[in-house]
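# Per-entry structural report
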Amino acid sequence: MPLDQYVTLGRSGLRVSPLCLGAMTFGEDLGWGTSVEESQQIIDRYIALGGNFIDTANFYTRSHSEKIIGDHIGRHPARRDRLVIATKFSGNLYPGDPNGGGSGRKSVIKACENSLRRLQTDYIDLYWLHMWDPNTPIDETMAALDDLVRAGKVRYLGVSDTPAWKIVEANLIARFRGWSSFVGLQIEYSLLERTVEQDLVPMALEFGLGITPWSPLKSGVLSGKYTRGNHGEHSADRGALVESFLNEGTYAVIDELEVIAKAHETNVAAVALAWVHAQRAVSSIIIGARRLSQLDDNVRAVDVTLSADELGRLDALTTPTFGFPSNMLEMATGMINGGTTVNGVFAPTSEYVMPEGGQPY
């Protein structure tokens, strides 16, 4: 289960493991999560397997997640420099302070300083805008982030949970002004969440942003824990999100995952993750593990290569329905190509074309 088959993140030179260790559950401050001791064991196991990419955020478990990473890695320069540590800003930890979160210059710089302190390091490898702040001009945010890069406090920039059009605006402003731009895109992406394929995934491909999907198992729905056979047995530990997805459509996907997992002698979670990894523009998948055993189950995904037939079967069960303009553009090939094949794609001509030999008015 090696994690040392590194890839570059998007159109950058940053080398990361194909699976990224998500640290959202590090710490038990919210009444759930992973103890400090087991969090450290998970980190050590991940590193031992060759993993080098750890993702957290300033307000995960009320900032305890960052501190756990800092105590275990940040204060040890020899270990820290071999890892890619990513964290996020935007979340507000300070009730009553409107500048305690968001993407304004005051908030961004202070959040970075606090994250550096908790992580016990003098630089952040990848600094994510956690969520779009509609109250702050994007050029103000990009200018502040570029200042942090120029100061050596941040190496690379990424963006999460933001509309495609706003990300494009941000990167074009940055490039025209000679500022650092986003090289990574963090979005929810799984067999059960494919609406991102309408705008965000094509945008990432076009602009060279490496996608690092979060919730690739849809909050555990695709972990293998929930099946037709045990329907109703996990009612006590299901969250509202999990409950809402346990329906006929989801069970059909899980049934197929079980068939494919058996063929590959692996588990359902590994197959679900392998499907995400096979998607275009995906660089590294964020896997969360509340228990050490869950980490071991999930990393088996790197040993699974799905065939075109297997990918096609899963695609057919989960193909999303897009709205305008995607649904209209399905007709574009027939209207544009005039009945010819372009880049391997053919569609019959539309009814609006001239008859053969005819001339436009």
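The rules behind each value
Residues numbered from 1 in each chain as written. Predicted model: local features only at pLDDT ≥ 70, side-chain atom pairs only at ≥ 80, totals over all residues. Heavy atoms only, no water. Helix = DSSP H or I, 4+ residues; strand = E, 2+ residues; numbered from the N terminus. Rg over C-alpha atoms; globule rule 2.2 N^0.38 Å. Buried < 20%, exposed > 50% of the residue type's maximum accessible area, 1.4 Å probe, protein only. Contact = heavy atoms within 4.5 Å. Areas by Shrake-Rupley, 256 points an atom, 1.4 Å probe, with all protein chains shown as cover. Lys, Arg positive; Asp, Glu negative; His and termini not counted. Charge placed at Lys NZ, Arg CZ, Asp CG, Glu CD. Salt bridge = Lys/Arg side-chain N within 4 Å of Asp/Glu carboxyl O. Axes fitted to C-alpha atoms, helices over the stretch in contact; angles between N-to-C directions. Parallel < 35°, antiparallel > 145°, perpendicular 65-115°, else oblique. Nonpolar A, V, L, I, M, F, W, Y, C, P; charged D, E, K, R; others polar. Core = buried A, V, L, I, M, F, W, Y, C linked by side-chain atoms within 4.5 Å. Polar contact = N/O pair within 3.5 Å; in protein donor to acceptor, adjacent residues only side chain to side chain. Pairing = 2+ DSSP bridges. Phe/Tyr/Trp six-rings, centres within 6.5 Å; stacked < 30°, edge-to-face > 60°.

## Side note on the overall build of the protein
Secondary structure summary: the protein contains 14 helices and 12 strands in total. A compact globule built from 361 residues would reach a C-alpha radius of gyration of about 21 Å, and the protein, at 22 Å, matches this within 12%. Across its three principal directions, the C-alpha atoms of the protein cover 75 × 55 × 40 Å. Buried residues in the protein amount to 51% of all 361 residues. If you take every contact in the protein between residues at least 6 apart in sequence, the share linking residues at least 24 apart comes to 75%. Of the roughly 17100 Å² that the protein leaves accessible, carbon and sulfur atoms contribute 53%. Here the protein contributes 32 positively and 43 negatively charged side chains, and the mean placements of these two sets differ by 8 Å.

## Here's the deal with the pattern of salt bridges
If the charged atoms of two oppositely charged side chains come close together, the side chains can form a pair. By the definition in use, this model includes 20 salt bridges. The partner of Lys 88 in a salt bridge is Asp 55, with the nearest N and O atoms 2.6 Å apart. Here Lys 88 is found in strand S5 (residues 84-89), whereas its partner Asp 55 is found in strand S4 (residues 53-55), with 33 residues between them in sequence. For Lys 88, a relative accessible area of 0% translates into the label buried. Under the relative-accessibility criterion, Asp 55 is labelled buried at 3%.

## Here's the deal with the packing of helix H9 (residues 248-264) against helix H10 (residues 268-277)
As a packed pair, H9 and H10 sit with axes 8 Å apart at the nearest point and diverge in direction by 100°. By the angle class used here, H9 and H10 are roughly perpendicular. Where H9 abuts H10, its residues Leu 257, Glu 258, Ile 260 and Ala 261 lie against Val 268, Val 271 and Ala 272. Looking at the contact of H9 with H10 residue by residue, the classes come out as 6 nonpolar, no polar and 1 charged.

## Considerations on the nonpolar core
Grouped together as the largest cluster of nonpolar side chains are 95 residues, with contacts concentrated most on Tyr 127, Phe 182 and Leu 185. Top contributing element to this core by residue count: H10, with 9 residues. Contact partners of Tyr 127, with chain neighbours within four places excluded, come to Thr 87, Lys 88, Phe 89, Val 108, Ala 111, Cys 112, Leu 145, Leu 148, Val 154, Tyr 156, Leu 157 and Gly 158.

## Some words on the side chain of Thr 121
Tracing the backbone through its elements, the reader meets Thr 121 in the loop between helix H4 (105-119) and strand S6 (124-129). Judged by relative accessible area, Thr 121 falls into the buried class, the value being 12%. A distance of 3.2 Å separates the side chain of Thr 121 from the backbone oxygen of Tyr 123, its partner in a polar contact. Among residues more than four places away in sequence, those in contact with Thr 121 are Arg 80 and Leu 116.

## Focus: unusual backbone geometry
Between Phe 324 and the following residue, Pro 325, the backbone shows a cis peptide bond with an omega angle of 5°. Structurally, Pro 325 can be placed in the loop between helix H12 (308-318) and helix H13 (326-329). Here Ser 219, not a glycine, exhibits a phi torsion of approximately 55°, which is positive. Mapped onto the secondary structure, Ser 219 falls in the loop between strand S9 (210-211) and helix H8 (240-245). The phi torsion at Ala 281 lies on the positive side, around 80°, for a residue other than glycine.

## Considering the sheet that holds S5
In space, the 8 strands of this open sheet follow the order S9-S8-S7-S6-S5-S4-S3-S10, with parallel pairing throughout. Every other strand in the sheet has two partners, leaving S9 and strand S10 (285-288) as the edge strands with one partner each. Lying on the sheet, helix H1 (residues 36-48) is in contact with strand S3 (19-22) and S4; it crosses S3 at an angle near 170°. Along the sheet face, H4 touches S5, S6 and strand S7 (154-160) and points at about 140° away from the line of S6.

## Looking at the packing of aromatic side chains
Tallied over the full model, the rule gives 4 aromatic pairs. A centroid spacing of 6.4 Å and a plane angle of 20° characterise the contact between Phe 59 and Tyr 60, whose relative ring orientation is stacked. Classification of Phe 59 as partly exposed rests on a relative accessible area of 32%. Centroid distance Phe 89 to Tyr 127: 4.9 Å. Interplanar angle 45°. Geometry classified as tilted.

## With respect to the pairing of S3
What you see with S3 is no split at all: Leu 19 and Leu 21 on one side and Cys 20 and Gly 22 on the other are buried throughout. Taken together, the 4 bridges between S3 and S10 define a ladder with parallel strand orientation. If you follow Gly 22 over to S10, its bridge partner there is Gly 288. Inspection of the sheet shows S3 paired to S4 by 2 bridges, in the parallel sense. Residue pairing across strands places Gly 22 opposite Asp 55, the latter belonging to S4.

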